[in-house]
Amino acid sequence: MTGQAEISAEIAAIQTGYRAAGIAESQPRLDYPPYRSSVLRHPRHPLHLTDPETVELTGPCFGETDVDAADADLTARHTGAPIGERTVVTGRILDGDGRPVRRQLVEIWQANASGRYIHHRDQHPAPLDPNFTGVGRCLTDDDGRYRFTTIKPGPYPWRNHHNAWRPAHIHFSVFGSDFTQRMITQMYFPGDPLLALDPIYQAITDQQARDRLVASYDHDITSHEWATGYRWDVVLTGAAATPLQEPR
């Protein structure tokens, strides 16, 4: 076996071993052999503690006045309309007790409809869209709710193994009360056949936790002749916490 078939068999064997040992992990494994670069990049030594005040003095700083309502519409940044399926993604940022997390800076970034990022390292042969940059941000409201208008991203190849393709996804960042609390994760779309073959998604060995990364199609959010709608909540703590993309 080669490529996706080999990776799928490796994933299945690892997850079977976890189940046999009674292990249900709700966060991604830092050292997960099917995700090749995790073996090279995961921490091997104890982390060094830093002074959080020093980090905040040298890091970036955003105030509420720096975030414009237009920043949440990724389809309206240029002179023309972007190519692809216009999509609204909305949901709530919640704590472990289900309470809304208000006035939180939420940032997203993603590939365009062809699966291409505007980044010098992304050189695979898919077209760039001059009317789509792929980044946005907003602040949550009093109910902890965020809302973005964007284009549904396309899948793209990556060099983890032969014929490797990442499922369509949107990267999310939530900053908490300071930059040392930043949380990064990914949102996926329902029914994507590449999810079963993706080592990054499958690095979370607990199926219920994986499911929390997949948005739900919501026809009430979908608007007539304009955009499809998806709902996705982010839970920061507790047993139902959203799996995070751990720093390497």
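Given the structure is predicted, the values throughout are model-derived calculations rather than measurements.

Quick question: what am I supposed to make of the environment of His42 here?
Along the chain, His42 turns up in the loop between helix H2 (36–41) and helix H3 (52–58). Classification of His42 as buried rests on a relative accessible area of 14%. For His42 and Tyr32, which are 10 residues apart along the polypeptide, the C-alpha to C-alpha distance reads 9.2 Å.

For this particular structure, what's the right way to read the nonpolar core?
A general feature of soluble globular proteins is that nonpolar side chains tend to end up buried together. Residues Tyr146, Phe148, Phe172, Met187 and Trp232 are the most contacted members of the largest nonpolar core, which totals 36 residues. Contributions of two or more residues to this core are made by strand E1 (86–94), strand E2 (105–109), strand E4 (145–151), strand E7 (169–174), strand E8 (183–188) and helix H4 (199–202). If near-sequence neighbours (up to four positions away) are discounted, Met187 is found in contact with Val89, Ala168, His169, Ile170, Phe172, Leu213, Ala215 and Trp232.

Honestly, the sheet that holds E2 in this entry has me stumped. Any pointers?
Strands belonging to one sheet form pairs held by backbone hydrogen bonds; the direction of such a pair is parallel or antiparallel. Judged by pairing direction, the sheet is antiparallel, and its 4 strands sit side by side in the order E3-E2-E7-E8 without closing on themselves. Looking at the sheet topology across the chains shown, the edges are occupied by strand E3 (135–139) and E8. Between one strand axis and the next, the sheet turns by 25° as a mean value, whatever way the strands run. Pairing of E7 with E8, which is carried by 6 bridges, proceeds in the antiparallel orientation. Among the inter-strand pairings, His171 is bridged to a residue of E8, identified as Gln186.

Help me out: how do you make sense of the UniProt feature "domain: Intradiol ring-cleavage dioxygenases" (unreviewed entry) in the protein in this one?
The UniProt feature table records "domain: Intradiol ring-cleavage dioxygenases" (unreviewed entry) at residues 89–117. The span residues 89–117 shows a helical share of 0% and a strand share of 38%, and its end C-alpha atoms are spaced 19 Å apart.

Rules behind the numbers
Residues numbered from 1 in each chain as written. Predicted model: local features only at pLDDT ≥ 70, side-chain atom pairs only at ≥ 80, totals over all residues. Heavy atoms only, no water. Helix = DSSP H or I, 4+ residues; strand = E, 2+ residues; numbered from the N terminus. Buried < 20%, exposed > 50% of the residue type's maximum accessible area, 1.4 Å probe, protein only. Core = buried A, V, L, I, M, F, W, Y, C linked by side-chain atoms within 4.5 Å. Contact = heavy atoms within 4.5 Å. Pairing = 2+ DSSP bridges. Axes fitted to C-alpha atoms, helices over the stretch in contact; angles between N-to-C directions. UniProt positions renumbered as here; feature names shortened; annotations may be inferred.

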